[in-house]
Amino acid sequence: MSDSAAVTGLKQTALHDLHVEQGARMVEFAGYSMPVQYPLGVKKEHEHTRAKAGLFDVSHMGQLILRGENVQAALEALVPTDIIDLPVGMQRYGLLTSDTGGILDDLMIVNGGDHLYVVVNAACKDQDIAHLRVGLPMDIELEVLDDRALLALQGPMAHAVMQRLSPEACELTFMHHAHVTIEGIECWVSRSGYTGEDGFEISVPDADAERFARLLLAMEEVEFIGLGARDSLRLEAGLCLYGHDLDTTTSPVEGSLIWALGKVRRQGGEREGGFPGADVILTQIANKDHTRKRVGLVAHGRAPIREGAELYDAHDNRIGVVTSGSFGPTYGKPVAMGYVSIAHSALETEVFADVRGKRLPMTVTKMPFVEQRYYRG
């Protein structure tokens, strides 16, 4: 992520001018000019989202529609997720896996009835689209929604804010999805998010994005939140960032994401395997023969332990690496996640991070660091 007063030569979301108007500091992220923070500052933006409601522009993400006969089965051949049994109007977290069992990307999948609505990460968007075009049958239509923005309204007051605009949307529970009309704007709303808080992710036409954002910002509970606070919020919630905590060298088992594999796709399930890398991934689950695991880490001191810090045991043996790390404003201590050897992955194990030649103690800790407050009804 690079930083400059004015980022040029990059793609812009439909809200770019509004971010600049609101005093955002713009940076490059995944080929887009994106707001890293606003005048409120990263720490206060984080705290505001935990206390009230934060508004995030995530329009750089890829939004796709898949259509065609047996589209659920077609996509299921590329992911270890249970798509065939996904009820209409529900959303599910999924993984695109490689033939070697690595993770190509993580994504959200909605059963829209006669189609699947899929959201992929910005940094992987182009390769994901190419991967899907090659992997899906010829009769499955893939439409890239380049004309829609995506906003996330997150925090304990998100429900109250949305209630004023769409009581219908507030009837949704966690990981449910609906189409609603708000002030004449066609909104695709999911009760989900990337902060650990209750909230909504809302897809709107680009042409209506600024008007919709201003509707939300007019509410006293709502503040714009940048990428900086988005990162600390998701880290406290124990949520992975692709390209950092997950990548093509990481299996779902190593990434502590076995829960994301549908039970029917696992060993003994009625649709066992049948996805790329199934032999590697299912063998790792059955034999428990993976050598490393993603864990939560809490530093003993006040200094944040950043991505890339190598981890050692008490005998100076290298045992892993930090993949995400920052100070957790809500947790009150530096938090991180990373990969350690299985022998050092048990809760309460003490490990040591190498920070500029100093070995700083950390403790393997259960995630999430901050309780998730999703609305389940």
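Within every chain, residues take consecutive numbers counted from 1 along the sequence as written. In keeping with the predicted nature of the model, local features appear solely for residues at pLDDT of at least 70, side-chain atom pairs appear and are counted solely at 80 or more, and the whole-chain, interface and lining totals rest on all residues. The side-chain quantities take in all heavy atoms of the structure and omit both hydrogens and water.

I'd like a rundown of the overall build of the protein, residues and numbers included.
Regarding its fold elements, the protein presents 9 helices and 21 strands. The C-alpha atoms of the protein give a radius of gyration of 21 Å, which matches the 21 Å a tight globule of 377 residues would have. Considered along the principal axes of its C-alpha atoms, the protein spans approximately 65 × 50 × 45 Å. Burial here depends on accessible area, computed with a 1.4 Å probe over protein chains only, as a share of the maximum for the residue type. Under 20% is buried, over 50% is exposed, and the range in between is partly exposed. The buried share of the protein, reckoned over its 377 residues, is 57%. For the protein, the proportion of contacts with a sequence separation of at least 24, taken over those separated by at least 6, is 65%. Here the open area of atoms and residues is found with the Shrake-Rupley method and a 1.4 Å probe, where only the protein chains shown may cover a residue. Within the structure as shown, the protein displays about 15,900 Å² of accessible surface, and the carbon and sulfur contribution to it stands at 50%. Under the convention used here, Asp and Glu are negative, Lys and Arg are positive, and both His and the chain ends fall outside the count. Charged groups are reduced to one reference atom each: NZ for lysine, CZ for arginine, CG for aspartic acid, CD for glutamic acid. The centroid of the 35 positive side-chain charges in the protein is displaced by 7 Å from the centroid of its 52 negative side-chain charges. In DSSP terms, a helix is any run of H or I states spanning at least four residues, a strand is any run of E spanning at least two, and both are numbered starting from the N terminus. The globule rule used for comparison is 2.2 Å times the number of residues to the exponent 0.38, while the radius of gyration itself is calculated over C-alpha atoms. A contact between two residues is defined here by any heavy atoms of the two lying within 4.5 Å.

So what's going on with the packing of helix α2 (residues 42-51) against helix α8 (residues 227-236)? Which residues, and what values?
Fitted lines through C-alpha atoms give the axes, limited to the stretch in contact for helices. The angle between two N-to-C directions lies from 0 to 180 degrees. Interaxial distance between α2 and α8 falls to 8 Å at its minimum, and their mutual angle equals 50°. With respect to α8, the element α2 is oriented oblique. For the element pair α2 and α8, the recorded crossing hand is right-handed. For the pair formed by α2 and α8, the contact residues are Val42, Glu45, His46, Thr49 and Arg50 on the first element and Gly228, Ala229, Ser232, Leu233 and Glu236 on the second. Between 65 and 115 degrees an angle is taken as roughly perpendicular, under 35 as roughly parallel, over 145 as roughly antiparallel, and anywhere else as oblique. A clockwise turn of the near helix away from the far one marks a right-handed crossing, whereas an anticlockwise turn of less than a right angle marks a left-handed crossing.

Tell me about the sheet that holds strand β10 (residues 141-144), and please be specific about residues and values.
Pairing is antiparallel across the open sheet formed by 5 strands, whose spatial order is β7-β8-β9-β6-β10. Each having just a single partner strand, β7 (91-97) and β10 make up the two edges of the open sheet. Between one strand axis and the next, the sheet turns through 30° on average, direction left out of account. For two strands to count as paired, DSSP must find a minimum of two bridges between them. The pairing of strand β6 (residues 62-67) with strand β9 (residues 116-120) spans 5 bridges and is classified as antiparallel. Paired with Gly62 across the strands is Val120, a residue of β9.

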